[in-house]
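For reference, the chains in residue letters:
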Amino acid sequence: MNKNSLFGLIDKLAETHSLSEEEYSALIESRTPEAAGYAAGRAVAVRKSIYGNAVFVRGLIEISNICKNDCLYCGIRRSNSQAQRYRLTPDNILSCCDEGYRLGFRTFVLQGGEDGFFTDEVLERLISDIKKAHPDCAVTLSLGERSRESYKRLKDAGADRYLLRHETADGTHYARLHPKEMSFDNRINCLFTLKELGYQVGCGFMVGSPYQSPETLAKDLKFIETFKPDMCGIGPFVPHHATPFKDFASGTVELTCFLLSLIRLIYPPVLLPSTTALGTIDPLGREKGIQSGANVVMPNLSPVAVRKNYELYDNKICTDEESAQCRGCLERRMKSIGYEIVTDRGDVRK
Ligand code: SAM
Ligand code: FES
């Protein structure tokens, strides 16, 4: 594709917020550094028009690395017998929220494996305790696939948001990343159920996951275009040494940043994190993500004693720092590129 048609497609996306799957995959296949720079410029302009130079922070609390699932890419999958398993108690989790609140966080993300300990009853109590202690904060859950009834109970208990990456919008690709017992249709249905129940919903995928192609990515972008998630988590796939995908290459900063720009242009109000995985494959990865159109960072609030054990992929950063250090470090990083971390729930501005 020549330069004019490439830039023309980016302009069309910025103006109409829609392309065909063929156009998305052509854009991905034919991208150049110059086109990526152009897309990033347009993405940053549109995010500034909605969010100014604010970067929202979410305090991530990794509540358990015990999981009944066996996703082939994931370092805490159930068949990884080398993983040192842990689970935080509800009291531990509340203390993390208290510390986060003191540090200026107004959103807590409770993320973990699908751990049977966290029944609806346990989570209902925990969510309402967090909301009682910090009524001005948003509670986000990222605890995988649950029943409609369960999602409803957690919503009624006070949960505001739910993150569930769709992982890939191509069913055949999904089946190559997951064991037979996991269902693509169920994952997608969960996302629609969460939306219907009134959650602010986040989907997302890994960039450069094994067997991904411009065509599967085009389906991801089309899914985002039609689903219009409030949040969208994308970050590079990074191999973990004790998984079946240990010998696959990591995703790249370059493609992740290009996709961040396209997603911003597809749905301008989306809350788009510049992820820890991006910071893991490049020391300036998170800054580059923000400069491509992202507007959220998610520093870790988990107790330092367990952080190394929530090892989704190799060489994960920020596992030795205290929460206050993580926050300070990100504040400095954002300032260095002209952005400012704000003390705010960071709701979507639709
Ligand atoms: N159990 C919940 C779920 O399945 O949604 C939340 C925890 S899960 C570990 C969170 C996300 O980590 C996944 O959606 C996946 O995209 C990401 N992840 C897992 N392994 C990864 C890897 N090797 N590289 C990059 N991201 C990974
Ligand atoms: Fe369950 Fe990764 S396999 S969190």
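Each value, and the rule that gives it
Residues numbered from 1 in each chain as written. Chains lettered and ligands numbered in written order. Predicted model: local features only at pLDDT ≥ 70, side-chain atom pairs only at ≥ 80, totals over all residues. Heavy atoms only, no water. Helix = DSSP H or I, 4+ residues; strand = E, 2+ residues; numbered from the N terminus. Expected span 1.5 Å × (residues − 1). Buried < 20%, exposed > 50% of the residue type's maximum accessible area, 1.4 Å probe, protein only. Arc of directions from axis to C-beta. Contact = heavy atoms within 4.5 Å. Pairing = 2+ DSSP bridges. Axes fitted to C-alpha atoms, helices over the stretch in contact; angles between N-to-C directions. Near = heavy atom within 4 Å. Polar contact = N/O pair within 3.5 Å; in protein donor to acceptor, adjacent residues only side chain to side chain. Areas by Shrake-Rupley, 256 points an atom, 1.4 Å probe, with all protein chains shown as cover. Nonpolar A, V, L, I, M, F, W, Y, C, P; charged D, E, K, R; others polar. Right-handed = clockwise from strand over helix to strand, strands pointing away.

### A short note on helix α4 (residues 90-102)
- The terminal C-alpha atoms of α4 lie 19 Å apart, and with 13 residues this matches the ideal 18 Å at 1.5 Å per residue to within 8%.
- All of the buried residues in α4 are Ile93, Leu94, Cys96, Cys97 and Gly100. Projected onto a plane normal to the axis of α4, the buried residues spread over an arc of 155° and lie on a single side. Exposed side chains of α4 directed beyond 90 degrees from the buried face belong to Asp91 and Arg102.
- On the buried face of α4, the contacting elements are β2 (59-64), β3 (107-112) and α5 (120-133).
- Two residues or fewer past α4, Gly104 is found with a positive phi of approximately 100°.

### Some points on the sheet that holds strand β8 (residues 296-297)
- With parallel pairing, the three strands of this open sheet are ordered in space as β8-β1-β9. Only two strands of the sheet have a single partner each, and these edge strands are β8 and β9 (340-342).
- One ladder, built from two bridges, connects strand β1 (residues 54-57) with β8; its direction is parallel. Considered in β8, the bridge of Phe56 is made with Val296.
- Packing against the sheet, helix α14 (residues 323-336) makes contact with β1, β8 and β9, and its axis sits at approximately 135° to β9.

### Describing the site of ligand 1
- Neighbouring ligand 1 are 18 residues; Tyr73, Gly112, Arg165, Glu167 and Val238 lie closest to it.
- Between a nitrogen atom of ligand 1 and a main-chain N or O atom of Gly112, the distance comes to 2.9 Å.
- Residue Arg165 places a side-chain N or O atom 2.9 Å away from an oxygen atom belonging to ligand 1.
- Protein chains shield 93% of the accessible area of ligand 1, which is 560 Å² for the free molecule.
- For the shell around ligand 1, the per-class residue count stands at ten nonpolar, five polar and three charged.

### With respect to the pairing of strand β6 (residues 200-207)
- Burial of β6 is extensive: eight of the eight residues sit out of reach of the surface.
- As paired elements, strand β5 (residues 161-163) and β6 share three bridges and run parallel to each other. Across the sheet, residue Arg161 finds its bridge partner in β6, namely Gln200.
- Bridge count for β6 against strand β7 (residues 231-236) is six bridges, and the pairing is parallel. Residue pairing in the sheet places Gly204 in a bridge with Gly233 of β7.
- Handedness of the crossover joining β6 and β7 through helix α9 (residues 214-227): right-handed.

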